[in-house]
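A look at the structure
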Amino acid sequence: HMTGYGTTVNGGFAEYCSVDMQQVYKLGDHTSFEQGAMTEPVACCLHGIDMCNIKPGSTVVVIGGGMIGLLMMQLAKNAGATKQEGVGNVDVVIECVGKPVTIEQAIQIAGHKATVMMFGLTKPDETITVKPFEVFQKELVLTSSYINPYTQRRALELIDSGRLDVSSMVAKVASLDELGAILSDPALRAMGKYIIDPSK
């Protein structure tokens, strides 16, 4: 009997679920269950970072300071992005909010030959206004990434090596009973990421 992850089938917050053996990865020796829970978002971010063309010395702007934005900042640094003093050419913009206004902003602040990564998920029917001439003039690459093909193992190894901090953005490990209150309170959600432990 297969139990889904909660995206297409109920069971995302179940205490136990059965999974196809080919889809299971062993946590590293230095990885806690709480850190391991962050592997999937890290894998998604890795897939996005792979498509950003970050080179050593690149100037990267990340829009959005949530958990995904904080992970992207670290991955950009690991890929060689440098801290820019003063206004230089912005080589890569990674949009992690998923709102039309911030995607438009990403295109505006992108520099010559920059890559704009549309990572934040919009609602399916939302649209953005783009001036094609601005894209031509700056020779922009507009790209996006969807989920995490073939990056799960790299994510696990990166977390286990200690080169990626996935713990400081966790506000709390909460019980299933607390989930309703967390989801309904924006002030609580603004505190950071919550890990739901059904056994608590």
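Each value, and the rule that gives it
- Residues numbered from 1 in each chain as written.
- Predicted model: local features only at pLDDT ≥ 70, side-chain atom pairs only at ≥ 80, totals over all residues.
- Heavy atoms only, no water.
- Helix = DSSP H or I, 4+ residues; strand = E, 2+ residues; numbered from the N terminus.
- Buried < 20%, exposed > 50% of the residue type's maximum accessible area, 1.4 Å probe, protein only.
- Contact = heavy atoms within 4.5 Å.
- Polar contact = N/O pair within 3.5 Å; in protein donor to acceptor, adjacent residues only side chain to side chain.

1. Focus on the environment of Lys-113
- Its location among the elements puts Lys-113 in the loop between helix 4 (100-109) and strand 3 (115-118).
- For Lys-113, a relative accessible area of 55% translates into the label exposed.
- When the C-alpha atoms of Lys-113 and Lys-138 are compared, they prove to be 5.7 Å apart, with 25 residues separating the residues in sequence.
- Not counting residues within four places of it along the chain, the set of residues in contact with Lys-113 comprises Lys-138 and Glu-139.
- Polar side-chain contacts of Lys-113 include one of 2.4 Å to the side chain of Glu-139.

2. Concerning the environment of Ile-107
- Here Ile-107 lies in helix 4.
- Along the chain, Ile-107 and Glu-134 lie 27 residues apart, while their C-alpha atoms are 8.4 Å from each other.
- In this structure, Ile-107 is in contact with Val-116, Ile-128, Val-130, Glu-134, Lys-138, Leu-140 and Leu-142, ignoring residues within four places of it in sequence.

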